Amino acid sequence: MVGLACTVSCRGNDARQRESSAAVLRVGVPGLSPTNPSAGLRQLAQILSVEGLARLAEDGRPEPSLAENWTPVDNGRSYLVHLKPRVTFHDGSPLTASAVAEVLPKSVREFFGPIADDIEQVSAVDARTVDVKFRRPSPFLFEALEAGIRKPGTRLIGTGPFVTVENSNSELRANGDYYAGRPTISEIDVENFPAVRSAWAKLLRNELDMLWEVGPDALSSLEHSANVAVFTFTRRYQYVLGLNTSSGPLRAATVRRALNMAIDRTRLVTSALNGHGVPSSSPIWPRYWALDQAQNANNRYDPAQAAQLLGASHLPSTKRAALKFTLLIMSDAVYERIALEVKRQMEAVGAEVEIQAAPPDRLFEAVQHGRFDAVLMDAVSGPTMMRVYGYWRTKMPGNPGSFGNNAVDEAFDAVRSAGTESSYRMAVANLVETFANDPPGIFLAWSVRARAISKRFDVQGEEGRDVLSTLRFWKPTGVQRQASRN
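The structure displayed is predicted, hence computed values, not measured ones.

Undergrad: Please give an account of helix α15 (residues 421–437) that cites residues and values.
TA: With 17 residues, α15 ought to run about 24 Å at 1.5 Å a step, and its terminal C-alpha atoms sit 24 Å apart, in line with that. Regarding α15, the residues found buried are Tyr424, Ala427, Val428, Leu431, Val432, Thr434, Phe435 and Ala436. Buried positions along α15 lie against α4 (139–142), α7 (253–261), α9 (293–296), α13 (385–392), α14 (406–417) and β19 (441–454).

This is the structure in structure tokens:
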């Protein structure tokens, strides 16, 4: 009897292990590029297969990831980064301090361009300790530890819980040797869709398990499904009107300040985004640790003052409205609603806006060559200052069209050179004020999106984070969890 009980128990365990190892997550990605590294299929692959020494907390501070911990040296000019033990790349080779020292400067340059010049040296102290030395102490530069670590000489071999299948843009497999425990899901299959509606229909037919990202148009309808769990999150992107400060109608800082005052962000979120957004007034992530929250809350909405400024600086006394400019947008329902709401609010203060829709390639070309007045964008802006710097400082590789100006550049450089937390907070406050006084853009709203996941999977979210951060723990309902939480 004992032997029979053992046999039955062992067979049951084997069956559960086979069921767990066969768990496949089918992901639908609506309307996103299969090749763009910042969106869609490749973005999903990078999130799940590549890790950095640090990951970012919701307040933008780096916290250990591949690093077990770190020790500041010389008042923060250097950091001794201690690597977690038993970490291997996807090909089985060990993550060593010498490998990190070789790849980190290149990775920082790939992610953040010339900011890599502020890293003086990266060297291996011993097998698991890396010395990262900056040219000066800087809270700003410390954010560079989030840069992804890939095996030297490769672009696909990382350390993450999932492995990109070679020559495939649509398949990932579990990393069986993942240092924190093998994921319960053994395979992720990704299918691209032209629109959310077609992916949603497949999800309802149990032919998909997850919608990658759901925008404001579909979010309200998904929240009422009995078979789908919806996990919302505030994206680290925001809708913003990029302004061409070399364009005649928008050259004067007074005009651009007035246009900023003309926008009621709360009303825009309600009317154009169905309430799925967070009003914004600066490029800084609203939870950023160095941001003065009282200063950030002041979005300066004042239509009467806006009309007065436009009248005093721009409008002849015989005309009610003489400021005219063109707003470029992508052909998309959400962009169109945002643009129409902006147009209505601008007209109330005496500014006439002509909306022009264009395909993404034509829009990008116009922005790149300065052939525009204003453009509606979905701009990366958080959660760190380094990402904001890369987008809005002129001549940075991530700046899509020389947005910014000399005043903003000087404020950014003060942030970059601040050596203490107190001086850094002051520099960030000055940057926010500079964006308000000489604005290169009109910051509208942080976008709220969702992951829609079939209730066939047991999903536990992590407070304050995108639910993808726990994906390696997801399991089909009723299957025992196999991964550890190390």
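Undergrad: Before we move on, could you go through the packing of aromatic side chains and cite the residues and values that matter?
TA: Each aromatic ring pair is characterised by the separation of its centres together with the angle its planes make. The full count for this structure, using the stated rule, is 18 aromatic pairs. Aromatic pair tyrosine 239 and tyrosine 335: ring centres 5.9 Å apart, planes at 90°, arrangement edge-to-face. Of the two residues, tyrosine 239 is situated in strand β14 (residues 228–243) and tyrosine 335 in helix α11 (residues 333–347); the sequence distance between them amounts to 96 residues. Taken as a pair, tyrosine 239 and tyrosine 335 share a single burial class, namely buried. For the ring pair tyrosine 391 and tryptophan 392, a centre distance of 5.6 Å and an interplane angle of 55° mean the geometry is tilted. The buried category is assigned to tyrosine 391, whose relative accessible area is 10%. According to the relative accessible area criterion, tryptophan 392 is buried, its value standing at 0%. Grouped by ring-pair contacts, the aromatic residues Phe140, Phe372, Tyr389, Tyr391, Trp392, Phe403, Phe412, Phe435 and Phe443 constitute a single cluster. Over the ring of tryptophan 289 we find arginine 61, and its NZ or CZ is 4.0 Å from the ring centre.

Undergrad: Give me the lowdown on the sheet that holds strand β8 (residues 129–134), citing residues and values where you can.
TA: The sheet built from four strands is open, its strands ordered β5-β6-β8-β7 with antiparallel pairing. What marks the edges here is a single partner per strand, and that holds for β5 (67–73) and β7 (119–126). Direction aside, neighbouring strands of the sheet carry axes that sit 20° apart on average. Here β5 runs beside strand β6 (residues 78–83); their pairing, made up of six bridges, is antiparallel. Within β6, the position partnered with valine 73 by the bridge is serine 78. Sitting on the sheet, helix α3 (residues 97–112) is in contact with β6, β7 and β8, with an inclination near 165° to β7.

What counts, and at which threshold
- Residues numbered from 1 in each chain as written.
- Predicted model: local features only at pLDDT ≥ 70, side-chain atom pairs only at ≥ 80, totals over all residues.
- Heavy atoms only, no water.
- Helix = DSSP H or I, 4+ residues; strand = E, 2+ residues; numbered from the N terminus.
- Expected span 1.5 Å × (residues − 1).
- Buried < 20%, exposed > 50% of the residue type's maximum accessible area, 1.4 Å probe, protein only.
- Contact = heavy atoms within 4.5 Å.
- Phe/Tyr/Trp six-rings, centres within 6.5 Å; stacked < 30°, edge-to-face > 60°.
- Lys NZ or Arg CZ within 6 Å of the ring centre and 35° of its normal.
- Pairing = 2+ DSSP bridges.
- Axes fitted to C-alpha atoms, helices over the stretch in contact; angles between N-to-C directions.

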